Amino acid sequence: MSHHQRLLSCKSQSHSVLAALVLLLLTGVATAQEKPARFEVIKVTDEIYVHRDNGHMNLFLITDEGIVVVDPMNPGAGSNLAQVLQRMAPDKKLLAIVYSHYHADHAGGARPLLDVYGDDVPIVANKRTGELLADKNWKSVVPPTKLIDPPWSMKAGNLTLEMRHVGPNHSSDMLVAWVPEANLAYIVDFVSNESVGYRDLPGVWLPQYWESIDKVLEWPIELATFGHGMPGNKKSIEDHAEYWRKLRATIRDAIANGVKEDEAVENIQMPEYKDWRSYEEWFPMNVRAVYRYEKKAVAESAE
Ligand SMILES: [Zn+2]
């Protein structure tokens, strides 16, 4: 019986303080039980899946020929995914682990997969990712063993996995995964489904970040999955592009009207996005980052 069903059945016979008390108790219990589990597997098609670890997602393919994992995420997620894969596809080998970009919250976690499938499983990454990782030397991120010059693709059974670079955006090395047989794009960190931008866009390349989104939208996308946010479709990406367009236009108007940075951060709101992830906390920070970019662009065009 779900939480809501419980509420209904209690309400229909709510005639005593006792019933209200029972309702309170049940609600408390139900809430504790309904806290989402850390890990989840989301099926996108018969051969395409997403492994969720709290707010982080990856992409993995289970084909006739074998398994491909794009982004092992972190050691805990990698370890859970290894168990999941052995349950879902006990006889299949892992053909490759592929990194979208160098950040440890997406690329960390290959180690437990290699422990199960063997150290000879290739770890594929953009050559730029290899350089960045060699520089960082992070413990959790296994260095790539196959450096590629995008675009790059591999076949796995009936599916093709293509890794494309659409410019620097959230990072300089970012690759987007494209599975042409499903018209599916997997985008990490420069588009997150139903989420505003991350904080004040630290380390983000502007305006290439926005141009990257437009480039991806030229593809014949039907399905879209993300490093953050639930799987969606082309509209999920269009909505995100629209968010930035509206915010930039609003801020350019504010600048033209002499609004100062702090006033803009305090007063600009886009309540139509209030249900998006982290709107309360990150939207004002998005405003500040975009204000600074647009202000500089105005100054440069006046020179
Ligand atoms: Zn990242």
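Residues numbered from 1 in each chain as written. Predicted model: local features only at pLDDT ≥ 70, side-chain atom pairs only at ≥ 80, totals over all residues.

A.B. asks: How do you make sense of the overall build of the chain when you look at a structure like this?
C.D. replies: Scanning the chain from terminus to terminus reveals 10 helices and 14 strands. Across the 303 residues that make up the chain, the buried fraction comes to 36%. Look at the contacts in the chain between residues 6 or more apart in sequence, and 63% of them connect residues 24 or more apart. (Helix = DSSP H or I, 4+ residues; strand = E, 2+ residues; numbered from the N terminus. Buried ≥ 20, exposed ≤ 12 C-beta atoms within 10 Å, placed from the backbone. Contact = placed C-beta atoms within 7 Å.)

A.B. asks: Help me out: how do you make sense of the sheet that holds strand 9 (residues 152-156) in this one?
C.D. replies: Strand pairing in a sheet is mediated by backbone hydrogen bonds. Such pairs are either parallel or antiparallel. Spatially, 6 strands are ordered 9-10-11-12-13-14 in an open sheet, and the strand pairing comes out mixed. Every interior strand has two partners, whereas the edge strands, strand 9 and strand 14 (232-233), have only one. (Pairing = 2+ DSSP bridges.)

A.B. asks: Looking at this structure, how should I read helix 3 (residues 75-88)?
C.D. replies: Residue pairs spaced three or four apart in an α-helix point in one direction, given the helix's 3.6 residues per turn. Over its 14 residues, helix 3 extends 20 Å from the first C-alpha to the last, a length consistent with the 20 Å expected when each residue adds 1.5 Å. Those residues of helix 3 that sit buried are A77, G78, N80, L81, A82 and L85. For helix 3, the secondary structure elements touched by its buried residues are strand 1 (39-43), strand 2 (48-53), strand 3 (56-57), strand 5 (67-70) and helix 5 (110-117). (Expected span 1.5 Å × (residues − 1).)

A.B. asks: Explain the pairing of strand 4 (residues 59-62) to me, please; I cannot follow it from the model alone.
C.D. replies: Side chains on a regular strand alternate between the two faces of the sheet. Relative to strand 4, strand 2 is paired through 2 bridges, and the arrangement is antiparallel. In the sheet register, Y49 faces strand 4, and the bridge partner there is F60. In this structure, strand 4 lies alongside strand 5, joined through 4 bridges in antiparallel fashion. By the bridge assignment for strand 5, F60 is matched with V69.

A.B. asks: Any chance you could explain unusual backbone geometry here in plain terms?
C.D. replies: Most peptide bonds are trans, and most residues other than glycine sit at a negative phi. With omega at 5°, the peptide bond leading from P150 into P151 counts as cis. Assignment of secondary structure puts P151 in the loop between strand 8 (146-148) and strand 9. Cis geometry is adopted by the peptide bond preceding P207, which originates at L206 and carries an omega value of 5°. Examined against the element boundaries, P207 turns out to sit in the loop between strand 12 (184-187) and helix 7 (208-216). Positive phi values are uncommon outside glycine, yet R199 reaches one of about 45°. Considering the arrangement of structural elements, one finds R199 in the loop between strand 12 and helix 7. The phi dihedral of S278 falls on the positive side, at around 65°, and the residue is not glycine.

A.B. asks: Quick question: what am I supposed to make of the environment of S195 here?
C.D. replies: Residue placement: S195 occurs in the loop between strand 12 and helix 7. You can call S195 partly exposed: it has 19 C-beta atoms within 10 Å. Placed 48 residues apart in sequence, S195 and Y243 show a C-alpha to C-alpha distance of 9.6 Å. Apart from the residues within four sequence positions on either side, S195 is in contact with H228, G229, W276, R277 and S278.

A.B. asks: Just to check I follow, could you spell out the confidence of the model for the chain for this structure?
C.D. replies: The predicted model of the chain has a mean per-residue pLDDT of 92, with 89% of residues at 70 or higher. Within the model, pLDDT remains below 50 along residues 1-18, and this stretch shows 13 contacts once partners closer than five positions in the same chain are excluded. Counting interchain partners and residues more than four positions distant, the pLDDT-below-50 stretch residues 20-30 has 8 contacts. (pLDDT = per-residue confidence, 0-100.)

A.B. asks: Explanation requested: the pairing of strand 9 in the structure shown.
C.D. replies: Relative to strand 10 (residues 159-164), strand 9 is paired through 5 bridges, and the arrangement is antiparallel. The residue of strand 10 that forms the bridge with W152 is M163.

A.B. asks: Help me understand helix 10 (residues 279-302), please; the structure alone is not making it clear to me.
C.D. replies: With 24 residues, helix 10 should reach 34 Å at 1.5 Å per residue; the first-to-last C-alpha distance of 33 Å fits that figure. The complete set of buried residues in helix 10 reads F283, N286, V287, A289, V290, Y291 and E294. Buried residues along helix 10 sit in contact with helix 8 (234-256) and helix 9 (261-267).

A.B. asks: Even after reading the chapter, I still don't get the nonpolar core, so can you show me in this structure?
C.D. replies: For soluble globular proteins, nonpolar side chains are generally found buried alongside one another. Counting 58 residues, the largest nonpolar core has V68, V69, V176, A177, A185 and I187 as the members making the most contacts within it. Mapping this core onto the domain boundaries places at least three of its residues in each of domain 2 (39-189) and domain 3 (190-224 + 233-303). W276, V287, A289 and Y291 belong to the second-largest nonpolar core, a separate cluster that totals 13 residues. (Core = buried A, V, L, I, M, F, W, Y, C linked by C-beta atoms within 7 Å. Domains from an automatic or database assignment.)

A.B. asks: Can you walk me through the packing of helix 3 against helix 5 in this structure?
C.D. replies: Two quantities define a packed helix pair, namely the angle between the axes and the distance from one axis to the other. Direction vectors running N to C along helix 3 and helix 5 enclose 35°, while the axes themselves pass 6 Å from each other. Judged by residue contacts, P75, G78, S79, L81, A82 and Q86 of helix 3 engage A110, R111, P112, L113 and V116 from helix 5. Its residues placed into classes, the contact of helix 3 with helix 5 shows 7 nonpolar, 3 polar and 1 charged. (Axes fitted to C-alpha atoms, helices over the stretch in contact; angles between N-to-C directions. Nonpolar A, V, L, I, M, F, W, Y, C, P; charged D, E, K, R; others polar.)

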